[in-house]
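# Secondary and tertiary structure notes
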Amino acid sequence: TKEFEHVDWVPRIEVSERNGQLSVRADLPGLKKDDVKVELTDEALTLSGERKEEKEEKHEGYYRSERSYGTFWRQIPLPEGAISDQAKANFRDGVLEITMPAPPASTSKGRRLEITEGKREAK
């Protein structure tokens, strides 16, 4: 079961690799770090939370208040070999950035086996 059955809002995500670092950036305008939950496994990074935004306007003769709410849930698959136990998260100016060492370029899903020719033993 997902924590959020109904998702109201999908933040923009950018995944990049620079200088041996894998970086996942999420645009979360209007949120504070306490509004966001980050979970990390060897396979995926999961972001979830709730956006609560309130706007007030006061002018001569009238007052207006708007509130908007929205839950979000995003799961970003990580490349095989990503070193997730060294991940760090930083939240600044509405942008969450998670960085971790990128997998070595030589990491692959399989390896090639050398085939040797067997000799039959004489009976």
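Before reading further, recall that the structure is shown in the block above.
A brief look at the structure comes next. Keep in mind the model is a prediction, meaning the values are calculated, not measured.

## Looking at the overall build of the protein chain
Along its length, the protein chain carries 0 helices and 7 strands. The long-range share in the protein chain, meaning contacts at least 24 apart out of those at least 6 apart in sequence, stands at 54%. Of the accessible surface of the protein chain, which amounts to about 10000 Å², a share of 44% is contributed by carbon and sulfur atoms.

## Quick notes on the side chain of Ser-84
Secondary-structure assignment places Ser-84 in the loop between strand 5 (62-77) and strand 6 (88-92). The residues contacting Ser-84, other than those within four sequence positions of it, are Leu-40, Thr-41, Asp-42, Leu-78 and Met-100.

## Things to note about the pattern of salt bridges
The full count for this structure, using the stated rule, is 4 salt bridges. For Asp-27, the salt bridge is made with Arg-12, and the minimal N-O distance between the two is 3.0 Å. Here Arg-12 lies in the segment before strand 1 (13-18) and Asp-27 lies in strand 2 (residues 21-27), a separation of 15 residues in the sequence.

## Digging into unusual backbone geometry
Of note, the phi angle at Asn-19 is positive, near 50°, even though the residue is not glycine. Within the secondary structure, Asn-19 is located in the loop between strand 1 and strand 2. The phi dihedral of Asp-93 falls on the positive side, at around 50°, and the residue is not glycine. Summarising the element assignment, Asp-93 is placed in the loop between strand 6 and strand 7 (95-101).

## Quick look at the nonpolar core
Counting residues in hydrophobic clusters, the biggest one holds 18 residues, and the most contacted among them are Leu-28, Leu-45, Leu-47, Phe-72 and Leu-96. Residue assignment for this core shows that the elements contributing at least two residues are strand 2, strand 4 (44-59), strand 5 and strand 7. Other than its neighbours up to four places away in sequence, Leu-45 contacts Val-24, Val-38, Glu-39, Leu-40, Arg-74, Gln-75, Ile-76, Leu-78 and Ile-98.

## Digging into the side chain of Thr-46
Tracing the sequence through the fold places Thr-46 in strand 4. For Thr-46, a relative accessible area of 12% puts it in the buried group. Within the structure, Thr-46 has its side chain in polar contact with the side chain of Gln-75 (distance 3.2 Å). Contacts of Thr-46, omitting those with residues within four sequence positions, involve Lys-37, Val-38, Glu-39, Trp-73, Arg-74 and Gln-75.

## Some details on the sheet that holds strand 1
Overall, antiparallel pairing links the 4 strands, which are arranged 1-2-7-6 in an open sheet. The open sheet is flanked by strand 1 and strand 6, the only strands paired with a single partner. Across the sheet, the mean angle separating the axes of adjacent strands is 20° when strand polarity is ignored. Both strand 6 and strand 7 contribute to a ladder of 5 bridges, which runs antiparallel. Bridged to Asn-90 within strand 7 is Glu-97.

Reading the values: the criteria
- Residues numbered from 1 in each chain as written.
- Predicted model: local features only at pLDDT ≥ 70, side-chain atom pairs only at ≥ 80, totals over all residues.
- Heavy atoms only, no water.
- Helix = DSSP H or I, 4+ residues; strand = E, 2+ residues; numbered from the N terminus.
- Contact = heavy atoms within 4.5 Å.
- Areas by Shrake-Rupley, 256 points an atom, 1.4 Å probe, with all protein chains shown as cover.
- Salt bridge = Lys/Arg side-chain N within 4 Å of Asp/Glu carboxyl O.
- Core = buried A, V, L, I, M, F, W, Y, C linked by side-chain atoms within 4.5 Å.
- Buried < 20%, exposed > 50% of the residue type's maximum accessible area, 1.4 Å probe, protein only.
- Polar contact = N/O pair within 3.5 Å; in protein donor to acceptor, adjacent residues only side chain to side chain.
- Pairing = 2+ DSSP bridges.
- Axes fitted to C-alpha atoms, helices over the stretch in contact; angles between N-to-C directions.

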